[in-house]
Amino acid sequence: VVVGTVRLWDVRLGEGGPAALLLGPLAVEPGLKSGGIGSALMRHAVAEAARLGHGAILLVGDAPYYGRFGFS
Ligand SMILES: CC(C)(COP(=O)(O)OP(=O)(O)OC[C@H]1O[C@@H](n2cnc3c(N)ncnc32)[C@H](O)[C@@H]1OP(=O)(O)O)[C@@H](O)C(=O)NCCC(=O)NCCS
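These notes cover the structure that comes with them.

## Some thoughts on the site of the ligand
Around the ligand, a shell composed of 17 residues is seen, among which Ser 34, Gly 36, Gly 38, Ser 39 and Asp 62 lie nearest. Separating an oxygen atom of the ligand from a backbone N or O atom of Gly 35 is a distance of 3.3 Å. Asp 62 is positioned such that a nitrogen or oxygen atom in its side chain is 2.6 Å from a nitrogen atom of the ligand. Alone, the ligand offers 900 Å² of accessible surface; in the complex the protein occludes 59% of this. Looking at the shell around the ligand, the elements with two or more residues in it are strand S2 (19-28), helix H1 (37-51) and helix H2 (63-66). Grouping the amino acids of the shell around the ligand by side-chain chemistry returns eight nonpolar, six polar and three charged.

What follows is the structure, encoded as structure tokens:
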């Protein structure tokens, strides 16, 4: 059973610019919201990006949600 999803995409900031990851979509099965699945997916995604040596993650989303994971 799929309870949630998160995806990281390789992107480049301008032609020949620095590499980064774009995060999204992040989504959790509606009936399972507020159970910590979204937070677990976010922490895992950020930790994996760091482990693989990526230097930056960009996203478009609600600051009150993503701020808790260190995004501004
Ligand atoms: C956003 C989403 C992934 C969070 O998943 P989750 O498993 O419920 O997340 P967590 O359990 O880790 O955190 C839930 C907390 O985040 C808060 N929250 C959820 N969406 C929020 C938002 N857009 N802005 C601020 N807070 C938000 C909830 O109110 C809840 O607060 P609480 O812990 O005080 O009860 C999920 O609500 C979802 O799939 N939403 C629809 C898709 C979506 O909006 N994705 C993000 C696109 S930017």
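## What to know about the nonpolar core
Soluble globular proteins tend to pack their nonpolar side chains together in the buried interior. Grouped together as the largest cluster of nonpolar side chains are nine residues: Leu 21, Leu 23, Met 42, Ala 45, Ala 49, Ile 57, Tyr 66, Phe 69 and Phe 71. Going through the elements one at a time, S2 and H1 are the ones with two or more residues in this core. Contacts of Met 42, omitting those with residues within four sequence positions, involve Leu 23, Leu 26, Leu 59, Tyr 66, Phe 69 and Phe 71.

What counts, and at which threshold
Residues numbered from 1 in each chain as written. Predicted model: local features only at pLDDT ≥ 70, side-chain atom pairs only at ≥ 80, totals over all residues. Heavy atoms only, no water. Near = heavy atom within 4 Å. Polar contact = N/O pair within 3.5 Å; in protein donor to acceptor, adjacent residues only side chain to side chain. Areas by Shrake-Rupley, 256 points an atom, 1.4 Å probe, with all protein chains shown as cover. Helix = DSSP H or I, 4+ residues; strand = E, 2+ residues; numbered from the N terminus. Nonpolar A, V, L, I, M, F, W, Y, C, P; charged D, E, K, R; others polar. Core = buried A, V, L, I, M, F, W, Y, C linked by side-chain atoms within 4.5 Å. Buried < 20%, exposed > 50% of the residue type's maximum accessible area, 1.4 Å probe, protein only. Contact = heavy atoms within 4.5 Å.

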